[in-house]
Amino acid sequence: MKLRVYAVIVVGLLGSGPLFAQPARTPESPVESWKKTDLRMNDNCSACHQRLGEPLAMQVSQWQGSVHAQKGVFCDSCHGGDPTSTVLTVAMGEQNGFMEAPQPPAVPDDCGRCHEDALASFKESAHGELFESNDYEPSCVTCHNSHDVKAVSFDMVAMTASCGECHEQNYIDEVRNPLAETDRRMERLRAQIASLPASNPNAAYLHRRLDKASEAFSRLAHFLNANTITTQRQTLDRELTYLEFMVAFDDTKTSD
Ligand code: HEC
Ligand code: HEC
Ligand code: HEC
Ligand code: HEC
Ligand code: HEC
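Numbering of residues begins from 1 in every chain and follows the order in which that chain's sequence is written. Note on labels: chains are lettered from A, ligands numbered from 1, in written order. With pLDDT at 70 or above as the cut-off, local features in this predicted model cover only qualifying residues; side-chain atom pairs require 80 or more to be listed or tallied, and sums for whole chains, interfaces and linings still use all residues.

Chemist: Honestly, the overall build of the protein chain in this entry has me stumped. Any pointers?
Modeler: Each helix and strand counted, the protein chain has 15 helices and zero strands in total. Note on burial: count the other C-beta atoms lying within 10 Å of the residue's C-beta; 20 or more is buried, 12 or fewer is exposed, in between is partly exposed, and C-beta positions come from the backbone. Looking at the protein chain residue by residue over its 256 residues, the buried ones come to 20%. Under the DSSP-based scheme used, a helix requires at least four consecutive residues in state H or I and a strand at least two consecutive residues in state E, with every element numbered from the N terminus.

Right, dumping it as structure tokens:
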């Protein structure tokens, strides 16, 4: 016990020394500051909460398996506060930018601080329009969770996922149908690009472009409306046509 207190003091002293000085962290600029994952040892938010017992410990284990934990989005990135302090009133001090957990009406704007495109497409959709009158459901966390947030995939648009709680199959088809063929095209391209020989000078480049296309694809489902999705899809379709051409072009070259 003594030893731990001592260690905390030493870390505290080092942390405040000029050599280990950290940039000031604000709720507006949280992600960059934590991208340096070598600072993780100062994540006292998790360290303390983990020992609190339920319902205040589960957020830690849920978050640990999340895409956010992987990408350096920590407790304080969303909640504010000072993760370098072990003192509750400092770590969770308003003076250090700590904010109370967002209430349901505030959740979209809260997530939207870092996900502008997702927020915009959500607001434009039927879900966004009915958000207030439908008791703030579905919200970002209805479909993605708040702590156990996973990387997205097209499989989310299905009866088995959160859609099925509220909808029949025809609503899901409205979103799935205009995207299903594009999803298959991308899968085919992914396999083709993966099987290009490593010596192929274009392989890495094509891979990057396909990753970009996948990101653009994941943005489309939020619009919900089939006409909007089909219009929004056009730039992506052109990109896939180009990638298909490039892959075919390389095939003829390498089979010589
Ligand atoms: C020394 C232990 C300790 C540390 C360090 C700590 N917390 Fe807490 N936290 C608690 C306790 C105890 C509660 C519940 C009592 C309360 O709300 O004051 C709590 C409550 C919370 C809540 C819920 C508040 C609400 O609105 O319902 C959030 C969110 C939270 N902490 C986030 C953080 C973040 C982010 C950090 C790091 C910047 C952090 N905590 C650091 C002990 C700690
Ligand atoms: C991606 C943003 C995000 C991250 C990262 C995050 N939280 Fe939260 N947290 C939320 C949101 C949003 C809520 C509001 C409750 C909800 O909608 O589920 C919340 C609620 C809470 C609550 C209140 C519980 C409740 O049900 O009201 C606690 C405690 C908490 N978070 C602790 C933590 C701790 C500890 C960490 C780090 C291990 C963390 N959070 C990381 C977004 C986040
Ligand atoms: C502090 C900034 C920040 C906040 C706030 C935040 N996120 Fe994130 N989120 C990120 C980052 C960074 C990534 C990783 C992005 C990447 O890899 O391109 C991410 C990834 C995601 C992904 C995976 C995207 C994919 O392409 O697979 C989802 C889903 C997500 N966040 C949902 C949420 C939700 C829901 C909330 C609110 C509860 C939220 N985020 C709040 C920064 C944030
Ligand atoms: C009705 C369920 C639902 C709601 C509500 C919802 N999403 Fe999504 N989200 C999805 C689905 C489905 C995908 C796309 C899956 C795919 O096709 O890959 C997605 C994709 C994403 C992505 C990855 C694409 C991108 O834009 O970078 C992020 C990030 C994201 N959502 C965040 C949010 C945020 C933030 C909110 C709230 C403002 C929100 N989502 C509301 C279901 C939902
Ligand atoms: C919490 C309940 C809830 C969840 C979960 C949910 N929705 Fe909805 N959705 C609604 C409500 C409410 C409306 C508006 C009323 C209506 O059209 O029935 C709506 C409307 C829609 C519409 C009509 C859009 C338009 O332009 O008219 C589509 C399509 C749709 N949702 C698809 C989905 C998909 C796909 C998912 C899963 C990714 C999903 N919804 C998850 C409640 C939900």
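More follows now that the structure is in view.
Chemist: Explain the confidence of the model for the protein chain to me, please; I cannot follow it from the model alone.
Modeler: Detailed reading of the predicted coordinates is not advisable wherever pLDDT falls low. You can read pLDDT as the predictor saying how much it trusts each residue, on a scale of 0 to 100. For the protein chain, per-residue confidence averages 84 on the pLDDT scale, and 81% of positions sit at 70 or higher. In this model, residues 1–37 is a region of pLDDT below 50 whose contacts with residues beyond four sequence positions or in other chains number 28 contacts. Note on contacts: residues are paired as contacts if their backbone-placed C-beta atoms lie within 7 Å.

Chemist: What is the right way to read the site of ligand 1 from this model?
Modeler: We call a residue near a molecule or strand when the C-beta position, derived from backbone atoms, sits within 6 Å of it. Around ligand 1, 18 residues are found, and the nearest of them are C45, C48, H79, G81 and E100. For the shell around ligand 1, the secondary-structure elements that each account for two or more residues are α3 (44–49), α6 (75–79) and α7 (88–91). With four residues, α3 is the largest single contributor of residues to the shell around ligand 1. Any residue that is not Ala, Val, Leu, Ile, Met, Phe, Trp, Tyr, Cys, Pro, Asp, Glu, Lys or Arg is counted as polar, Gly included; the first ten are nonpolar and the last four charged. The class makeup of the residues in the shell around ligand 1 is 10 nonpolar, five polar and three charged.

Chemist: What is the right way to look at the site of ligand 3 in this model?
Modeler: Around ligand 3, the structure places 21 residues, and the nearest of them are S77, C111, C114, C140 and A151. Those elements giving two or more residues to the shell around ligand 3 turn out to be α2 (30–35), α5 (67–70), α6, α8 (107–112) and α11 (140–144). Broken down by element, the shell around ligand 3 gets its largest block of residues, three residues, from α11. Taken together, the residues that form the shell around ligand 3 break down as 12 nonpolar, six polar and three charged. Start and end positions for the domains come from either an automated domain assignment or a database one. Among the domains, domain 1 (2–96) and domain 2 (102–150) are the pair contributing at least three residues each to the shell around ligand 3.

Chemist: Got a minute to help me understand the nonpolar core in this structure?
Modeler: Soluble globular proteins tend to pack their nonpolar side chains together in the buried interior. To form a nonpolar core, buried Ala, Val, Leu, Ile, Met, Phe, Trp, Tyr and Cys residues must be joined through C-beta atoms within 7 Å. Residues V157 and L220 are the most contacted members of the largest nonpolar core, which totals 15 residues. Listed by contribution, the elements that provide at least two residues to this core are α12 (169–194), α13 (203–218) and α15 (234–254). Not counting residues within four places of it along the chain, the set of residues in contact with L220 comprises L179, I229, Q232 and R233. Listed in part, the five residues of the second largest apolar core include C45, C75, C78 and A91.

Chemist: What's the story with unusual backbone geometry in this structure? I'm lost.
Modeler: Leaving glycine aside, a negative phi is the common case for residues, and trans is the common case for peptide bonds. Here the amide bond leading from E54 into P55 is cis, since omega sits at 5°, within 30 degrees of zero. The amide bond that connects E137 to the next residue, P138, takes the cis arrangement and shows omega of -15°. Look at N145: it is not a glycine, yet its phi comes out positive at around 70°. Here N145 shows up in the loop between α11 and α12. You will see that L224, though not glycine, has its phi angle at about 65°, which is positive. Structurally, L224 is set in the loop between α13 and α14 (226–232). Classification of L224 by C-beta neighbours within 10 Å gives partly exposed; the count is 19.

Chemist: What is the right way to look at α12 in this model?
Modeler: Side chains that are three or four residues apart share a direction in an α-helix, a result of its 3.6 residues per turn. Within α12, the axis deviates most sharply at L179, by approximately 40°. All of the buried residues in α12 are V175, P178, L189 and I193. Fitting axes to the seven residues ending at a residue and to the seven starting there, one defines the bend at that residue as the angle between these axes.

Chemist: What's the story with the packing of α12 against α13 in this structure? I'm lost.
Modeler: Helix-helix packing is characterised by the crossing angle of the two axes and by the distance between the axes. The interhelical angle for the contact between α12 and α13, taken along N-to-C directions, is 160°, at an axis separation of 10 Å. Put simply, α12 runs roughly antiparallel to α13. The handedness of the crossing between α12 and α13 comes out as left-handed. Residue-level contacts link T182, M186, L189, R190 and I193 of α12 to A203, L206, H207, L210, A213, S214 and F217 of α13. When its residues are assigned to classes, the contact of α12 with α13 shows eight nonpolar, three polar and one charged. The axes used here are C-alpha line fits, helices contributing only the stretch in contact, and every angle between their N-to-C directions lies in the interval 0 to 180 degrees. Note on angle classes: values under 35 degrees are labelled roughly parallel, values over 145 roughly antiparallel, values of 65 to 115 roughly perpendicular, and the remainder oblique. Note on convention: the crossing is left-handed when the near helix lies turned anticlockwise from the far helix by less than a right angle, right-handed when the turn is clockwise.

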